[in-house]
Amino acid sequence: MSKLDREKILDELVSFEGISHSCIYQNEQILASTFPSIIQDKLSGMGRFIDKIFSSAHAIDQAHDEIHIELEENTLITYRVNDDFLLMLMATKGINLSLVYMTVKAIEKSVKLHGLPPPKNTASPPVPSEVSKEKKCLMITGKKTYLFGL
Amino acid sequence: MEEDVIDQIMQIKQIKGFIQTDTEGEDVASTIEDEQLAHFMRFLVGYAPVFEKTAELGPIRSIILTSNKNNNLGVFIGKEHSLGVLFARGCSIKKLFSQIKAYLNKLSIGDA
């Protein structure tokens, strides 16, 4: 999943009424975020915390893939997408959960199917050294996309 | 009074079990037979303050986990007691939780 794709996903989510911020967490890192800068440095810690809850649930054979942490004013909703990355959303308590759920399911499917970015130019014959670099890069990206869904 | 409220919560059709713990994570009452699930709920209650410290977003009222394969579960964090609830998947979380909270307001759990 390219940077642009990640931002597109987050933009789509925050366009819903009731979602103020969203971010993508994977491997102890925030890959993209619309949270305000004041909270940015807390996000990876929050991601680690939530990831541990998912891991603990899975360790006792519970297949939970959605967590709602209800705060005073808002709810932090996190989805585990493709057993791979976390989608964290700050939402109001009255949000339409079905709308968010279906959007996340569509994102999940889309990342699974179209994880690899399309080749830039399949028609022109590539220069060998450049190609091997690009392929290597694509293979790494592809592996990540396939294995980690990104 | 507490027993009455818990009985009322257990009367809610979708509720499959509950565990009530004190501030030290000790069981006050429980109907959850799966010991691993009970441990997990106690873990969530104990883990909530860690998140509060990390996130600095204020106190956590509840944590809910949902699944398409297992029963859903939630913990309501209170000052003196916390309540873990196991409930059927597919039911309306909002509706169910507003029902539970209405009862919890009678106890020292939850203030929503």
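Attention here is on the structure that accompanies the text.

The rules we used
- Residues numbered from 1 in each chain as written.
- Chains lettered and ligands numbered in written order.
- Predicted model: local features only at pLDDT ≥ 70, side-chain atom pairs only at ≥ 80, totals over all residues.
- Helix = DSSP H or I, 4+ residues; strand = E, 2+ residues; numbered from the N terminus.
- Buried ≥ 20, exposed ≤ 12 C-beta atoms within 10 Å, placed from the backbone.
- Contact = placed C-beta atoms within 7 Å.
- Expected span 1.5 Å × (residues − 1).
- Arc of directions from axis to C-beta.
- Pairing = 2+ DSSP bridges.
- Axes fitted to C-alpha atoms, helices over the stretch in contact; angles between N-to-C directions.
- Nonpolar A, V, L, I, M, F, W, Y, C, P; charged D, E, K, R; others polar.
- Core = buried A, V, L, I, M, F, W, Y, C linked by C-beta atoms within 7 Å.
- Parallel < 35°, antiparallel > 145°, perpendicular 65-115°, else oblique.

### Observations concerning the overall build of chain A
(1) Moving on: Check the secondary structure of chain A and you find four helices and five strands.
(2) Moving on: Counted from the first residue to the last, chain A has its helices and strands arranged as α-β-β-α-β-β-β-α-α.
(3) Moving on: Of all 150 residues assigned to chain A, the portion counted as buried reaches 33%.
(4) Moving on: Considering only contacts in chain A between residues 6 or more positions apart, those separated by 24 or more positions represent 51%.

### Let's talk about helix α3 (residues 93-104) of chain B
Helical periodicity: at 3.6 residues per turn, an α-helix aligns residues three or four positions apart in one direction.
All names here are of chain B.
(1) Moving on: Given a rise of 1.5 Å per residue, twelve residues ought to cover 16 Å, and the 16 Å separating the end C-alpha atoms of α3 matches this to within 8%.
(2) Moving on: Looking only at α3, the buried set comprises Leu96, Phe97, Ile100, Tyr103 and Leu104. What you see down the axis of α3 is that its buried residues fit within an arc of 115 degrees, all on one side. Exposed and facing more than 90 degrees away from the buried side of α3 are Lys95 and Ser98.

### A look at the environment of Lys93(A)
Residues and elements named next belong to chain A.
(1) Moving on: Inspection of the secondary structure assignment puts Lys93 in the loop between β5 (85-92) and α3 (97-113).
(2) Moving on: On the basis of neighbour counts, which here come to 16 C-beta atoms within 10 Å, the residue Lys93 falls in the partly exposed class.
(3) Moving on: The spacing of Lys93 and Ile39 is 54 residues in sequence and 20 Å in space, taken between C-alpha atoms.
(4) Moving on: Residues contacting Lys93, with those up to four places away along its chain left out, are Asn74 and Thr75.

### Description of unusual backbone geometry
(1) Moving on: The phi angle at Asn82(A) is positive, at roughly 55 degrees, despite the residue not being glycine.
(2) Moving on: By the secondary structure assignment, Asn82(A) is in the loop between β4 (74-81) and β5.
(3) Moving on: Non-glycine residue Glu56(B) carries a positive phi angle of around 55 degrees.
(4) Moving on: Looking at where Glu56(B) falls in the secondary structure, it is placed in the loop between α2 (35-55) and β3 (62-66).

### Looking at the sheet that holds strand β1 (residues 19-26) of chain A
As a general point, the strands of a sheet are linked pairwise by backbone hydrogen bonds and lie either parallel or antiparallel.
(1) Moving on: Taken in spatial order, the ten strands make up an open sheet running β2(A)-β1(A)-β5(A)-β4(A)-β3(A)-β3(B)-β4(B)-β5(B)-β1(B)-β2(B), and their pairing is antiparallel. Each of the sheet's edge strands pairs with one partner strand only, and the pair in question is β2 (29-33) of chain A together with β2 (27-30) of chain B. Neighbouring strand axes in the sheet, compared pairwise and without regard to direction, differ in orientation by 15 degrees on average.
(2) Moving on: Inspection of the sheet shows β3(B) paired to strand β4 (residues 72-76) of chain B by four bridges, in the antiparallel sense.

### Things to note about the interface of chain B and chain A
(1) Moving on: If you look at the interface, chain B gives 22 residues, while chain A gives 19 residues.
(2) Moving on: Residue assignment for the side of chain B that touches chain A shows that the elements contributing at least two residues are α2 and β3 of chain B.
(3) Moving on: For the side of chain B that touches chain A, the leading source of residues is α2(B), giving seven residues.
(4) Moving on: Classifying every residue of the side of chain B that touches chain A gives twelve nonpolar, seven polar and three charged.
(5) Moving on: The pairing of strand β3 (residues 66-70) of chain A with β3(B) spans five bridges and is antiparallel. From the neighbouring strand, Glu70(A) faces β3(B), where its bridge partner is Ser62(B).

### Notes on the nonpolar core
(1) Moving on: Counting residues in each nonpolar core, the largest one holds 57 residues, and the members touching the most others are Leu87(A), Leu89(A), Met41(B), Ile63(B) and Val75(B).
(2) Moving on: If we ignore the near neighbours within four places in the chain, the residues touching Ile63(B) are Ile67(A), Ile69(A), Leu44(B), Ala48(B), Gly74(B) and Val75(B).

### So, the packing of helix α2 (residues 37-59) of chain A against α2(B)
(1) Moving on: Relative to each other, α2(A) and α2(B) sit at 175 degrees, their axes nearing to 10 Å. The orientation of α2(A) relative to α2(B) falls into the category roughly antiparallel. Counted together, Lys42(A), Gly45(A), Met46(A), Phe49(A), Ser56(A) and Ala57(A) of α2(A) and Phe40(B), Phe43(B), Val50(B), Phe51(B), Thr54(B) and Ala55(B) of α2(B) form the full contact between these two elements.
(2) Moving on: For the contact of α2(A) with α2(B), the per-class residue count stands at eight nonpolar, three polar and one charged.

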